Amino acid sequence: NAGVMQNPRHLVRRRGQEARLRCSPMKGHSHVYWYRQLPEEGLKFMVYLQKENIIDESGMPKERFSAEFPKEGPSILRIQQVVRGDSAAYFCASSRSDSSYEQYFGPGTRLTVT
Amino acid sequence: GESVGLHLPTLSVQEGDNSIINCAYSNSASDYFIWYKQESGKGPQFIIDIRSNMDKRQGQRVTVLLNKTVKHLSLQIAATQPGDSAVYFCAEKLAGQNFVFGPGTRLSVLP
């Protein structure tokens, strides 16, 4: 049973480009969470999604960031017109249901904006 | 001993000793807490959880203690091993599914 998969593991973008981060949850999990982690800091919640629905996006910046979790395929975190301050590790987690709080994390995508 | 560096606080313990990692949480209404272990270059790994209606929960070599009066959570690791070296985060569940992570503590196990 594969764990949470994220790709790419490392992504380099120039300022102004778009970054697309992908997350495939564990088999049987329909809930996905995205977090952002700066070096030497804790994880900051960004968004919580179920299939085709955004449940809680209170941690998402209002501009340039968007997330989706389509009926088929992985969840996507999209960052448009990236800036240097977007450089961070982005982690995805999944859980079985909204009554199951245990979240399983992927290995993360490390975004570097040059 | 425990020290606060420029970034993460660090706890250094001798191999075989017990470790105690502390965490203060912010919201008295939080009803669920998790401890995660994060090794370098990897995602957080679930260690143990506890609900607010409990004071203590034990796992394999780990114990979590919850003191709701002072909003304090601790993780005890028995007989600390080199493989326990990592950054440890506590997380509290706010309303809905929103988890808030603490800043983390780096555990360094000395041979």
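Please refer to the structure higher up on the page.
Residues numbered from 1 in each chain as written. Chains lettered and ligands numbered in written order. Predicted model: local features only at pLDDT ≥ 70, side-chain atom pairs only at ≥ 80, totals over all residues. Heavy atoms only, no water.

**Focus on unusual backbone geometry**
- With an omega dihedral of -5°, the bond running from asparagine 7 of chain A to proline 8 of chain A counts as a cis peptide bond.
- Relative to the assigned elements, proline 8 of chain A resides in the loop between strand 1 (5-7) and strand 2 (10-13).
- Positive phi outside glycine occurs at arginine 64 of chain A, with the angle close to 75°.
- By the secondary structure assignment, arginine 64 of chain A is in the loop between strand 6 (53-56) and strand 7 (65-68).
- For arginine 64 of chain A, a relative accessible area of 25% gives the class partly exposed.
- The phi dihedral of arginine 61 of chain B is positive, around 70°, even though this residue is not glycine.
- Position of arginine 61 of chain B among the secondary structure elements: in the loop between strand 6 (56-58) and strand 7 (62-67). (Helix = DSSP H or I, 4+ residues; strand = E, 2+ residues; numbered from the N terminus. Buried < 20%, exposed > 50% of the residue type's maximum accessible area, 1.4 Å probe, protein only.)

**Side note on the state of the cysteines**
- Counted according to the given criterion, the structure contains two disulfides over all chains.
- One disulfide in the model links cysteine 23 of chain A with cysteine 92 of chain A; its S-S distance is 1.7 Å. The sign of the -45° torsion about the S-S bond sets the cysteine 23 of chain A-cysteine 92 of chain A disulfide as left-handed. One end of the pair, cysteine 23 of chain A, is in strand 3 (residues 19-24); the other, cysteine 92 of chain A, is in strand 9 (residues 88-95), with 69 residues separating them in the sequence. As far as the burial class goes, cysteine 23 of chain A and cysteine 92 of chain A line up, both buried.
- Paired through a disulfide, cysteine 23 of chain B and cysteine 90 of chain B show a sulfur-sulfur distance of 1.6 Å. With cysteine 23 of chain B in strand 3 (residues 19-24) and cysteine 90 of chain B in strand 9 (residues 86-93), this pair connects stretches of sequence that are 67 residues apart. Neither residue differs from the other here; cysteine 23 of chain B and cysteine 90 of chain B are each classed as buried. (Disulfide = S-S within 2.5 Å.)

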